[in-house]
Amino acid sequence: MTTRVALVGASGKLGTIIADVIARLDGFEIGAVLGSASTMDELDGADLVVDATTPASSVEIVRAATDRGINLLVATSGWSADRIAQVRPAIETAGTGALFVPNFSLGSVLGTAFAALAAPFFGSVEIIEAHQHTKIDSPSGTAVRTAELIAAARAEQGPVDAPHVDQRARGQQVASVPVHSLRRPGVIAKQEVILSGPGESLSIVHDTVQSAAAYAPGIRLALPYARDLRGVVVGLENVIDLGIRPRA
(Lines give C-alpha, C1' and ligand atoms only; values in the text may rest on other atoms or scores of the structure.)
Protein backbone atom coordinates (compact mmCIF):
# COMPACT_ATOMS: atom_id res chain seq x y z
CA MET A 1 0.00 0.00 0.00
CA THR A 2 1.37 3.39 -1.00
CA THR A 3 1.76 6.11 1.63
CA ARG A 4 0.44 9.45 0.39
CA VAL A 5 2.50 12.35 1.70
CA ALA A 6 1.39 15.94 2.02
CA LEU A 7 4.62 17.94 1.80
CA VAL A 8 4.47 21.46 3.19
CA GLY A 9 7.34 23.72 2.19
CA ALA A 10 8.46 21.71 -0.83
CA SER A 11 10.03 24.74 -2.54
CA GLY A 12 12.56 25.33 0.24
CA LYS A 13 16.05 23.85 0.30
CA LEU A 14 15.21 21.05 2.70
CA GLY A 15 11.78 20.54 1.17
CA THR A 16 13.39 20.01 -2.24
CA ILE A 17 15.65 17.31 -0.81
CA ILE A 18 12.72 15.62 0.94
CA ALA A 19 10.66 15.67 -2.26
CA ASP A 20 13.49 13.99 -4.16
CA VAL A 21 13.84 11.29 -1.50
CA ILE A 22 10.08 10.57 -1.55
CA ALA A 23 10.11 10.32 -5.34
CA ARG A 24 12.76 7.60 -5.12
CA LEU A 25 11.40 5.74 -2.08
CA ASP A 26 9.34 2.61 -2.65
CA GLY A 27 5.88 2.73 -1.12
CA PHE A 28 5.72 6.53 -0.85
CA GLU A 29 4.34 9.22 -3.12
CA ILE A 30 3.64 12.93 -2.84
CA GLY A 31 -0.13 13.36 -2.85
CA ALA A 32 -0.21 17.10 -2.12
CA VAL A 33 2.28 19.96 -2.16
CA LEU A 34 1.43 22.96 0.01
CA GLY A 35 2.90 26.44 -0.24
CA SER A 36 2.29 29.83 1.33
CA ALA A 37 -1.00 30.27 -0.57
CA SER A 38 -2.37 26.84 0.38
CA THR A 39 -5.05 26.08 2.95
CA MET A 40 -4.86 23.37 5.57
CA ASP A 41 -7.77 21.60 3.87
CA GLU A 42 -5.24 20.40 1.30
CA LEU A 43 -3.87 18.04 3.97
CA ASP A 44 -7.08 15.98 3.72
CA GLY A 45 -6.50 12.49 2.37
CA ALA A 46 -2.82 12.32 3.29
CA ASP A 47 -1.36 9.41 5.25
CA LEU A 48 1.59 11.48 6.46
CA VAL A 49 2.28 15.21 6.66
CA VAL A 50 5.88 16.37 6.27
CA ASP A 51 6.52 19.89 7.53
CA ALA A 52 9.59 21.63 6.09
CA THR A 53 8.48 25.23 6.54
CA THR A 54 9.44 27.94 9.04
CA PRO A 55 9.10 28.21 12.83
CA ALA A 56 6.29 30.75 12.39
CA SER A 57 4.21 28.39 10.22
CA SER A 58 5.04 25.06 11.79
CA VAL A 59 2.72 25.22 14.80
CA GLU A 60 -0.35 25.69 12.62
CA ILE A 61 0.66 22.74 10.43
CA VAL A 62 1.22 20.46 13.41
CA ARG A 63 -2.16 21.38 14.87
CA ALA A 64 -3.98 21.02 11.55
CA ALA A 65 -2.52 17.56 10.91
CA THR A 66 -3.27 16.44 14.45
CA ASP A 67 -6.87 17.67 14.21
CA ARG A 68 -7.25 15.55 11.07
CA GLY A 69 -5.72 12.45 12.66
CA ILE A 70 -2.66 12.45 10.38
CA ASN A 71 0.85 11.53 11.48
CA LEU A 72 3.66 14.07 11.16
CA LEU A 73 7.31 14.29 10.28
CA VAL A 74 8.40 17.73 11.48
CA ALA A 75 11.60 18.83 9.75
CA THR A 76 11.24 22.50 10.66
CA SER A 77 13.82 24.00 12.99
CA GLY A 78 12.95 25.91 16.14
CA TRP A 79 11.09 23.24 18.11
CA SER A 80 12.52 23.36 21.65
CA ALA A 81 11.45 20.93 24.37
CA ASP A 82 9.15 23.61 25.83
CA ARG A 83 7.51 24.22 22.47
CA ILE A 84 7.00 20.51 21.82
CA ALA A 85 5.43 20.17 25.28
CA GLN A 86 2.68 22.56 24.16
CA VAL A 87 1.53 20.28 21.31
CA ARG A 88 2.30 16.90 22.88
CA PRO A 89 -1.06 16.53 24.75
CA ALA A 90 -3.10 17.08 21.58
CA ILE A 91 -1.05 14.54 19.63
CA GLU A 92 -1.32 11.94 22.37
CA THR A 93 -5.05 12.56 22.78
CA ALA A 94 -5.58 12.20 19.02
CA GLY A 95 -3.73 8.87 19.03
CA THR A 96 -1.47 10.04 16.20
CA GLY A 97 2.31 10.34 16.03
CA ALA A 98 4.80 13.12 15.44
CA LEU A 99 8.51 12.74 14.82
CA PHE A 100 10.49 15.96 15.32
CA VAL A 101 13.88 15.87 13.62
CA PRO A 102 16.24 18.81 14.28
CA ASN A 103 18.83 17.38 11.86
CA PHE A 104 18.68 14.51 9.36
CA SER A 105 22.46 14.11 9.12
CA LEU A 106 23.70 10.88 10.68
CA GLY A 107 27.02 12.57 11.48
CA SER A 108 25.27 15.41 13.26
CA VAL A 109 23.21 12.95 15.31
CA LEU A 110 26.39 11.14 16.31
CA GLY A 111 28.12 14.41 17.21
CA THR A 112 25.24 15.38 19.49
CA ALA A 113 25.20 11.93 21.09
CA PHE A 114 28.97 12.08 21.71
CA ALA A 115 28.58 15.50 23.33
CA ALA A 116 25.84 14.20 25.65
CA LEU A 117 27.99 11.21 26.61
CA ALA A 118 30.94 13.47 27.44
CA ALA A 119 28.98 16.19 29.24
CA PRO A 120 28.94 14.66 32.75
CA PHE A 121 32.74 14.66 32.76
CA PHE A 122 33.23 18.37 31.95
CA GLY A 123 31.99 21.32 33.96
CA SER A 124 32.15 23.83 31.10
CA VAL A 125 30.30 23.28 27.82
CA GLU A 126 29.64 25.79 25.02
CA ILE A 127 28.25 25.41 21.51
CA ILE A 128 29.22 27.35 18.39
CA GLU A 129 26.96 26.78 15.38
CA ALA A 130 27.15 28.30 11.91
CA HIS A 131 24.60 28.30 9.09
CA GLN A 132 24.00 30.20 5.88
CA HIS A 133 23.07 33.84 6.25
CA THR A 134 19.61 33.01 4.86
CA LYS A 135 18.66 30.87 7.88
CA ILE A 136 16.02 32.88 9.71
CA ASP A 137 16.17 31.30 13.17
CA SER A 138 18.88 31.10 15.78
CA PRO A 139 20.00 29.16 17.67
CA SER A 140 19.57 26.28 15.27
CA GLY A 141 17.30 23.39 16.16
CA THR A 142 20.35 21.15 16.24
CA ALA A 143 22.07 23.39 18.79
CA VAL A 144 18.94 23.54 20.94
CA ARG A 145 18.59 19.75 20.87
CA THR A 146 22.29 19.31 21.68
CA ALA A 147 22.06 21.69 24.63
CA GLU A 148 18.93 19.97 25.96
CA LEU A 149 20.59 16.53 25.78
CA ILE A 150 23.72 17.88 27.47
CA ALA A 151 21.60 19.28 30.31
CA ALA A 152 19.73 15.96 30.64
CA ALA A 153 23.03 14.06 30.74
CA ARG A 154 24.21 16.36 33.53
CA ALA A 155 21.13 15.87 35.70
CA GLU A 156 23.25 14.60 38.60
CA GLN A 157 26.04 17.18 38.18
CA GLY A 158 23.76 20.15 37.62
CA PRO A 159 23.96 23.01 35.09
CA VAL A 160 27.19 23.69 33.24
CA ASP A 161 29.55 26.36 34.51
CA ALA A 162 28.80 29.45 32.38
CA PRO A 163 30.31 32.63 33.87
CA HIS A 164 29.28 36.15 32.84
CA VAL A 165 26.20 35.00 30.90
CA ASP A 166 24.61 38.38 31.61
CA GLN A 167 26.88 39.81 28.89
CA ARG A 168 25.33 39.63 25.41
CA ALA A 169 28.59 38.50 23.82
CA ARG A 170 28.42 35.32 25.92
CA GLY A 171 25.66 33.93 23.69
CA GLN A 172 22.17 32.68 24.48
CA GLN A 173 21.76 30.16 27.26
CA VAL A 174 19.81 27.06 26.24
CA ALA A 175 19.30 24.59 29.10
CA SER A 176 22.20 26.42 30.85
CA VAL A 177 24.56 25.92 27.87
CA PRO A 178 25.85 29.07 26.11
CA VAL A 179 25.13 28.87 22.38
CA HIS A 180 26.81 31.17 19.85
CA SER A 181 25.20 31.43 16.40
CA LEU A 182 26.99 32.54 13.24
CA ARG A 183 25.02 33.41 10.10
CA ARG A 184 27.24 33.92 7.09
CA PRO A 185 27.61 33.06 3.40
CA GLY A 186 29.89 30.24 2.34
CA VAL A 187 28.73 27.71 4.95
CA ILE A 188 25.96 25.09 4.94
CA ALA A 189 25.87 23.89 8.55
CA LYS A 190 28.55 23.46 11.16
CA GLN A 191 28.46 22.83 14.88
CA GLU A 192 31.25 22.63 17.44
CA VAL A 193 30.69 21.58 21.03
CA ILE A 194 33.58 22.58 23.28
CA LEU A 195 33.80 20.78 26.61
CA SER A 196 36.39 22.00 29.11
CA GLY A 197 37.69 20.75 32.44
CA PRO A 198 40.84 21.12 34.55
CA GLY A 199 43.84 21.01 32.26
CA GLU A 200 42.05 19.84 29.11
CA SER A 201 39.31 20.40 26.58
CA LEU A 202 37.41 18.26 24.09
CA SER A 203 35.95 19.61 20.84
CA ILE A 204 33.32 17.70 18.86
CA VAL A 205 32.84 19.17 15.39
CA HIS A 206 30.36 18.28 12.68
CA ASP A 207 30.47 19.99 9.29
CA THR A 208 27.86 19.52 6.54
CA VAL A 209 29.50 20.05 3.17
CA GLN A 210 26.80 18.73 0.82
CA SER A 211 23.32 18.92 2.24
CA ALA A 212 21.46 16.56 -0.12
CA ALA A 213 23.98 13.75 0.34
CA ALA A 214 24.13 14.31 4.10
CA TYR A 215 20.38 14.47 4.77
CA ALA A 216 18.94 11.89 2.35
CA PRO A 217 19.85 8.74 4.36
CA GLY A 218 18.24 10.15 7.50
CA ILE A 219 15.12 11.24 5.61
CA ARG A 220 14.72 7.73 4.17
CA LEU A 221 14.81 6.28 7.68
CA ALA A 222 12.51 8.91 9.19
CA LEU A 223 9.62 8.66 6.71
CA PRO A 224 8.41 5.09 7.47
CA TYR A 225 9.12 5.58 11.18
CA ALA A 226 6.96 8.72 11.31
CA ARG A 227 4.17 7.05 9.33
CA ASP A 228 3.84 4.21 11.87
CA LEU A 229 4.54 6.21 15.04
CA ARG A 230 2.21 6.76 17.97
CA GLY A 231 3.00 9.59 20.35
CA VAL A 232 5.84 12.11 20.18
CA VAL A 233 9.47 11.28 19.45
CA VAL A 234 12.26 13.85 19.18
CA GLY A 235 15.51 13.23 17.35
CA LEU A 236 16.77 10.87 14.69
CA GLU A 237 18.83 9.08 17.34
CA ASN A 238 15.60 7.37 18.38
CA VAL A 239 15.02 6.06 14.85
CA ILE A 240 18.41 4.45 14.36
CA ASP A 241 20.60 2.33 16.62
CA LEU A 242 23.81 4.28 17.19
CA GLY A 243 25.13 1.70 19.61
CA ILE A 244 25.09 4.41 22.29
CA ARG A 245 22.26 6.12 24.12
CA PRO A 246 22.59 9.68 25.41
CA ARG A 247 20.61 10.19 28.59
CA ALA A 248 17.37 12.09 27.84
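Since we're looking at a predicted model, the values are computed, not measured.

Draft legend 1. Here's a closer look at the packing of helix α2 (residues 55-67) against helix α3 (residues 81-94). At a closest axis distance of 9 Å, the pairing of α2 and α3 adopts a crossing angle of 15°. Between α2 and α3, the interaxial angle falls into the category roughly parallel. The hand of the α2/α3 crossing is left-handed. Between α2 and α3, the contacting residues are Pro55, Val59, Val62 and Thr66 on the first element and Arg83, Val87, Ala90, Ile91 and Ala94 on the second.

Draft legend 2. Up close: the UniProt feature "domain: Dihydrodipicolinate reductase N-terminal" (unreviewed entry) in the protein chain. The positions UniProt marks with the feature "domain: Dihydrodipicolinate reductase N-terminal" (unreviewed entry) are residues 4-104. Segment residues 4-104 splits into 39% helix and 24% strand. End C-alpha atoms: 21 Å apart.

Draft legend 3. Main features of the pattern of salt bridges. Enumeration according to the criterion identifies 10 salt bridges in this entry. For Glu237, the salt bridge is made with Arg145, and the minimal N-O distance between the two is 2.6 Å. Of this pair, Glu237 sits in the segment after β11 (231-234) while Arg145 sits in helix α5 (residues 141-153), placing them 92 residues apart in sequence. Judged by its relative accessible area of 9%, Glu237 is buried. Arg227 is the partner of Asp228 in a salt bridge, and the nearest nitrogen-oxygen pair spans 3.0 Å. Judged by relative accessible area, Asp228 falls into the exposed class, the value being 52%. The partly exposed category is assigned to Arg227, whose relative accessible area is 28%.

Parameters and conventions
Residues numbered from 1 in each chain as written. Predicted model: local features only at pLDDT ≥ 70, side-chain atom pairs only at ≥ 80, totals over all residues. Heavy atoms only, no water. Axes fitted to C-alpha atoms, helices over the stretch in contact; angles between N-to-C directions. Helix = DSSP H or I, 4+ residues; strand = E, 2+ residues; numbered from the N terminus. Parallel < 35°, antiparallel > 145°, perpendicular 65-115°, else oblique. Left-handed = near helix turned anticlockwise from the far one by under 90°. Contact = heavy atoms within 4.5 Å. UniProt positions renumbered as here; feature names shortened; annotations may be inferred. Salt bridge = Lys/Arg side-chain N within 4 Å of Asp/Glu carboxyl O. Buried < 20%, exposed > 50% of the residue type's maximum accessible area, 1.4 Å probe, protein only.

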